[in-house]
Amino acid sequence: MSRLVDKIKKQSEQLPAPMGFRRALPQEAAPSILLIAKVNAVSAGTITENIPGADAILFSDEAGRLTAGLLKKITKTLQGVPAGIFLEESKETPSALEETGCDFVVMSLLTPLNAMPKKETTGKLLHVDSSMDDGLLRAINDLPADAALVTDSFGEGDALVWHHLMLLRHLALLISKPLIVLVPAGITENELKALWDAGIEAVVVPVDISKGENLKELHETAAKLPRRTPKKPAKINVFLPHATQTRETPPPDEEEEDE
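What counts, and where the lines are drawn
Residues numbered from 1 in each chain as written. Predicted model: local features only at pLDDT ≥ 70, side-chain atom pairs only at ≥ 80, totals over all residues. Heavy atoms only, no water. Salt bridge = Lys/Arg side-chain N within 4 Å of Asp/Glu carboxyl O. Helix = DSSP H or I, 4+ residues; strand = E, 2+ residues; numbered from the N terminus. Buried < 20%, exposed > 50% of the residue type's maximum accessible area, 1.4 Å probe, protein only. Contact = heavy atoms within 4.5 Å. Pairing = 2+ DSSP bridges. Right-handed = clockwise from strand over helix to strand, strands pointing away. Core = buried A, V, L, I, M, F, W, Y, C linked by side-chain atoms within 4.5 Å. Arc of directions from axis to C-beta. Axes fitted to C-alpha atoms, helices over the stretch in contact; angles between N-to-C directions.

The next point concerns the pattern of salt bridges. For the structure on display, the rule yields four salt bridges. For Asp103, the salt bridge is made with Arg3, and the minimal N-O distance between the two is 3.8 Å. Residue Asp103 is found in the loop between helix H3 (94-98) and strand S4 (104-107), and its partner Arg3 is found in helix H1 (residues 3-11); the two are separated by 100 residues along the sequence. Among the residues examined, Asp103 registers a relative accessible area of 3% and is labelled buried. The residue Glu99 makes a salt bridge to Lys119 at a minimum N-O spacing of 3.6 Å. On the criterion of sequence distance, the pair formed by Glu99 in the loop between H3 and S4 and Lys119 in the loop between S4 and strand S5 (123-128) is long-range, its members being 20 residues apart. For Lys119, a relative accessible area of 36% corresponds to the partly exposed category.

Relative to the assigned elements, Ser153 resides in the loop between strand S6 (147-150) and helix H5 (162-174). Sequence separation between Ser153 and Val183 is 30 residues; the distance between their C-alpha atoms is 7.6 Å. Once residues lying within four places of it in the same chain are set aside, the contact partners of Ser153 are Leu160, His164, Leu168, Val181 and Leu182.

Let's shift gears to the pairing of strand S7 (residues 179-182). Residues in a regular strand point their side chains to alternate faces of the sheet. Bridge count between S6 and S7: three bridges; the pairing is parallel. When the sheet's bridge partners are listed, Ala148 is paired in S7 with Leu179. For the segment spanning S7, helix H6 (residues 189-197) and strand S8 (residues 202-206), crossover handedness is right-handed.

In this section: the nonpolar core. Note that soluble globular proteins tend to have their nonpolar side chains buried in a common cluster. Formed by 55 residues in total, the largest nonpolar core has its most connected members in Ile33, Phe59, Leu195 and Val203. The greatest single-element share of this core, amounting to five residues, is contributed by H5. Aside from chain neighbours lying at most four places away, what touches Ile33 is Leu192, Leu195, Trp196, Ile200, Glu201, Ala202, Val203, Ala222 and Leu225. Counting 15 residues, the second-largest nonpolar core is a separate cluster that includes Ile36, Leu58, Phe86 and Leu125.

Three or more residues of helix H7 (residues 216-223) are buried, namely Leu218, Thr221 and Ala222. All buried residues of H7 project into a common sector of 100° when viewed along the axis, lining one side. Facing away from the buried side of H7 by over 90 degrees, the exposed positions are Lys216 and Glu217. On its buried side, H7 packs onto strand S1 (34-40), H6 and S8.

In spatial order, the strands read S1-S2-S3-S4-S5-S6-S7-S8; together these eight strands close into a barrel with parallel pairing. For this sheet the average axis-to-axis angle between neighbouring strands, irrespective of direction, equals 25°. The pairing of S4 with S5 spans four bridges and is classified as parallel. When the sheet's bridge partners are listed, Val106 is paired in S5 with Leu125. Running at roughly 155° to S7, H5 makes contact with S6 and S7 of the sheet.

So this is what it looks like as structure tokens:
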């Protein structure tokens, strides 16, 4: 299994609250939303260690310069931190990418099946659109993808509005696989908590390492998020018939009309 997917599943587990005199879990062990740093692959050539606060790194380069040599050079310096790429931004073969130490890939809906990595240890994230039909969204549950990535969740001005939050909650209810969302670098604590409560397991945050940006502060914010409140089952009212029922009185016989 992919290290990123394994992290997401462990972090999203609903652990029971301590009872009686049991010792509470340390804060760092509490389930919380994961942070994936989105980094320009060319700038990432200067990385010598993991980005502070990042649980994983997603390398991107729209110019198509994600070569196997570059990725292998970068992943060696990350000390086991899960790293992935947008599959269509590289012209390398799936087997070549897997040899670089790439832990996961993001596939678009138009990615050929033959281009998909073959190893089970390579995580497969499917890039989905929040406007997709409910039937198509449910179909993701039966596909060989480990998680779903949504990139159209924030509105104008990089603000999370109620409409987009409703869409994300709708997706979380339809898709049983972990849901990951692209967020702006300036995401607030309230927005991060709203996403966590809506069922989002991880967020992708753009990071410019050439400016010394990192996710340390945001990671501290994520660690303070309260546990998810278990959803109460909906109440179902059942109406049962009474044991004894009054018999209906038969209608009176109609009197025959006089001839």
